[in-house]
Amino acid sequence: RNHTLMTDFVLSGFCKHPELEHLLLFMFCLIYTMTIIGNLLIFVVTVHPTLRMPMYFFLRTLSFLDVSTASIVIPKMLVNFLSENRNISYMGCATQLYCVIFLGATECYILAAMAYDRYVAICNPLRYAIIMNSRVCHCLVLLSCCSGNVVSVVQTAWVFTLPFCGPKKINYFFCDIPPLIMLSCTDTSLYEKQITAATALVIFTPFCLILVSYACIISSILKISSAESRRKTFSTCSSHLTVVALYYASGTFVYLRPKSGNWGDTKKVLALIYTTVIPTLNPLIYSLRNKEVKGVLIKIIAQ
């Protein structure tokens, strides 16, 4: 009976710190610019004929997902810094939620596919070209996108069938599951269990596959007699492990217990990690630690 027909929401963002708004505006403008430039460079470099390998195909896909995620979240955040009207329409909120979940879930699966690619390259080098052929790579990306779409459709539909009683202010900087269910006036315990199950499917399952892949990789590396060869082999995996650790850890803390505690600055910072920071860091991590990428980039600049 207390159900309120919501036509829009208000994204409060970082309104608790108005004195920092100009600094945050500058910082996120810089982050978004770096994200666009860095990921475009990765895309341009990895289409070079000398880098036509599965590893770089997955890296291009990752760059596309990162640019898309940042573009869904940051521009709206920048507009809210410049305007006192921080409303987002009901359909706009649903669309943003769908896109963020779809891109995030797809990236989780792509990171697992990249780990499998490294496993085949290191543990089965002679059969690498046969196992990781073009058809397999495209199927892995398509499967990741389809899985991400299914998860996103189910989660978005479930959230927006909940009755919202107000207030319509979302204590967040974009539309996401945890702050939205805080606005519901019904018992969400069943939905919270469903989110936990979805988190296990989207985060823990691919993470376990990554752990198994790297357990096999480490076992193979330890069998290499040359210390220099071991170092070079492990360096090709360390970049991916860095991204995995940041991405999965921040996502787990946000979604595993969506309605626990108050939605303060801590969880906003965790959400910032996987929506804005990681898309900016990925080009730096994968380019600065990869001699092939740096070599091609130097050639392109020198032309």
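Labelled according to an unreviewed UniProt entry, the protein chain appears under the name Olfactory receptor, originating from Ardeotis kori. UniProt, in the comment section headed Subcellular location (unreviewed entry), describes the protein chain in these words: "Cell membrane".

A look at the packing of aromatic side chains
Evaluated as defined, the whole model comprises 16 aromatic pairs. Here tyrosine 247 and tyrosine 274 contribute two aromatic rings whose centre-to-centre distance is 6.4 Å and whose plane-to-plane angle is 75 degrees, an arrangement assigned as edge-to-face. Taken together, the positions of tyrosine 247 in helix H8 (residues 227–255) and tyrosine 274 in helix H9 (residues 265–288) put the pair 27 residues apart, joining distant regions of the chain. Note on tyrosine 247: relative accessible area 6%, which makes it buried. Overall, tyrosine 274 belongs to the buried group, its relative accessible area being 8%. Linked through ring pairs, Phe207, Tyr247, Tyr248, Tyr255 and Tyr274 together constitute an aromatic cluster.

Some thoughts on the nonpolar core
Phe28 and Leu111 are the most contacted members of the largest nonpolar core, which has 86 residues in total. Per-element accounting of this core gives the leading share, 19 residues, to helix H3 (residues 90–123). Excluding anything up to four places from it in sequence, leucine 111 contacts Leu62, Ile210, His240, Val243, Val244, Tyr247, Tyr248 and Tyr286.

Observations concerning the side chain of serine 213
With respect to the secondary-structure elements, serine 213 resides in helix H7 (residues 189–222). Since its relative accessible area comes to 10%, serine 213 is described here as buried. Here serine 213 is in contact with Ala115, Tyr116 and Tyr119, once residues within four sequence places are set aside.

Focus on the pairing of strand E1 (residues 8–11)
A two-sided burial pattern is seen for E1, the buried positions comprising Asp8 and Val10 on one face and Phe9 and Leu11 on the other. Pairing of E1 with strand E2 (residues 87–89), which is carried by three bridges, proceeds in the antiparallel orientation. Bridge pairing in E2 places valine 10 opposite asparagine 87. Both E1 and strand E3 (residues 169–170) contribute to a ladder of two bridges, which runs parallel. Paired with valine 10 across the strands is lysine 169, a residue of E3.

Thresholds, definitions, all that
- Residues numbered from 1 in each chain as written.
- Predicted model: local features only at pLDDT ≥ 70, side-chain atom pairs only at ≥ 80, totals over all residues.
- Heavy atoms only, no water.
- UniProt positions renumbered as here; feature names shortened; annotations may be inferred.
- Phe/Tyr/Trp six-rings, centres within 6.5 Å; stacked < 30°, edge-to-face > 60°.
- Helix = DSSP H or I, 4+ residues; strand = E, 2+ residues; numbered from the N terminus.
- Buried < 20%, exposed > 50% of the residue type's maximum accessible area, 1.4 Å probe, protein only.
- Core = buried A, V, L, I, M, F, W, Y, C linked by side-chain atoms within 4.5 Å.
- Contact = heavy atoms within 4.5 Å.
- Pairing = 2+ DSSP bridges.

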